[in-house]
Number of protein chains: 2
Amino acid sequence: MSFEAIIEGTAAAVEGQPEAAKVVFTVQGRLVGPTEFDTTVRQHTVKVDEPPTLGGEDLAPNPVEYALAAFASCQAITYRFWAAKLGIALDRVEVAAEGDLDVRGIFGLDEDVRAGFTEVRLAVTPSGPESPERYRELADAVDAHCPVFDLFANATPVVRRVAVSA
Amino acid sequence: MSFEAIIEGTAAAVEGQPEAAKVVFTVQGRLVGPTEFDTTVRQHTVKVDEPPTLGGEDLAPNPVEYALAAFASCQAITYRFWAAKLGIALDRVEVAAEGDLDVRGIFGLDEDVRAGFTEVRLAVTPSGPESPERYRELADAVDAHCPVFDLFANATPVVRRVAVSA
């Protein structure tokens, strides 16, 4: 099915019934080593670990690296969707993402330092037969509609529940 | 090396030289199929894809699922660090994360609907020999210092650069 057909099909499915547009994504996981964490995502497994400097064995990327991978991939896939929606030919998309972290935050060494990224930089290279202006138009549409761009750039309500047995 | 030693070593290394606490994390990737994206993270590769309903082949989790995996794993690992820092014995940590998404956002079907998660829920189950009160104290310390909790709950500056050849 083409991306155009997917977008039109989604629009038709949710027209007049906004509840049909709501999707819940779920993951579960547990520590299986000092910092090794196995995550179940539907039929997939995602392993996470830290390098030895943070107490792990570097068996996989760490959590903030996965967050950047989520961001880079979400950008690229949203380029596909919006290229189809706007009728812009797109041959390739490359994305690099980097984030600045100050480790004083995570360890509580300075409570004025935030725990998360202080800045994230994204370099996107779309290519194909269209004019640079068309790709810039595409980039603006993507940034306004990319779920992980929104997650990074804006605050999201987080509800946390801790289950402890007495 | 114990987590206590890692935290003490980090504190000693950055004491009086805050520049030493700054770390840059980097990933690069590209589309290798309709929605298949291969991400290079140091020596690791992270594959991302969408299910057929979104034009992919479901070869791997999708970007928002990776974002939730980053969140769940970051929580668990931060439990390890802060259990060591606070002297709280911790045997196991399980984490489930779920996020609500309204697909009208990504496809621009309703510009009042945000593209990203409208809410994320986290269920954490720490276990071990300590009292429930101690694990609740640990949970509060974790949420205040977990990098991906901060990323989700707060806005992060994002700088985006698009390279298009004329």
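For the structure, see preceding data.
Procedures and definitions
- Residues numbered from 1 in each chain as written.
- Chains lettered and ligands numbered in written order.
- Predicted model: local features only at pLDDT ≥ 70, side-chain atom pairs only at ≥ 80, totals over all residues.
- Heavy atoms only, no water.
- Contact = heavy atoms within 4.5 Å.
- Buried area = accessible area lost by both parts, 1.4 Å probe.
- Salt bridge = Lys/Arg side-chain N within 4 Å of Asp/Glu carboxyl O.
- Helix = DSSP H or I, 4+ residues; strand = E, 2+ residues; numbered from the N terminus.
- Pairing = 2+ DSSP bridges.
- Least-squares fit on C-alpha atoms with pLDDT ≥ 70 in both.
- Axes fitted to C-alpha atoms, helices over the stretch in contact; angles between N-to-C directions.

Section: the interface of chain A and chain B
Quoted interface sizes are often the accessible area lost when the parts come together. The partner chain B presents 119 residues to the 119 residues of chain A that form the contact. Taken over both partners, the interface formed by chain A and chain B buries close to 10400 Å², and the fraction arising from carbon and sulfur atoms is 64%. Together, Phe25(A), Phe107(A) and Arg160(A) form the three largest contributors to the area buried by chain A at its contact with chain B, with a combined 7%. Counting the contacts that link chain A with chain B gives ten salt bridges. A salt bridge links Arg42(A) to Asp58(B); the nearest nitrogen and oxygen atoms lie 3.0 Å apart. Per-element accounting of the side of chain A that touches chain B gives the leading share, 20 residues, to helix α2 (residues 63-86) of chain A. Across nine bridges, the pairing between strand β4 (residues 92-102) of chain A and strand β1 (residues 22-31) of chain B is antiparallel. Each bridged residue has a counterpart across the sheet, and for Leu101(A) the counterpart in β1(B) is Val23(B).

Quick notes on the relation of the copies chain A and chain B
For the pair chain A and chain B, the best superposition has an RMSD of 0.0 Å and corresponds to a rotation of 180 degrees with a translation of 0.0 Å parallel to the axis. On the angle and the small slide along the axis, the relation comes out as a two-fold axis. Of the interface residues in chain A, 100% have counterparts in chain B that sit at the interface too, so the contact is made through matching surfaces.

Topic: the sheet that holds strand β2 (residues 37-41) of chain B
Where strands meet in a sheet, backbone hydrogen bonds hold them as pairs that are either parallel or antiparallel. Strand order in the open sheet formed by six strands is β3(B)-β2(B)-β1(B)-β4(A)-β5(A)-β6(B), with mixed pairing between adjacent strands. Looking at the sheet topology across the chains shown, the edges are occupied by β3 (44-48) and β6 (158-162) of chain B. Neighbouring strand axes in the sheet, compared pairwise and without regard to direction, differ in orientation by 20 degrees on average. Summarising the sheet, strand β5 (residues 119-127) of chain A and β6(B) pair through five bridges and their orientation is parallel. Across the sheet, residue Ala123(A) finds its bridge partner in β6(B), namely Arg161(B). Together, β5 of chain A together with β6 of chain B form the strand contacts of helix α4 (residues 132-145) of chain A, whose direction differs from that of β6(B) by roughly 155 degrees.

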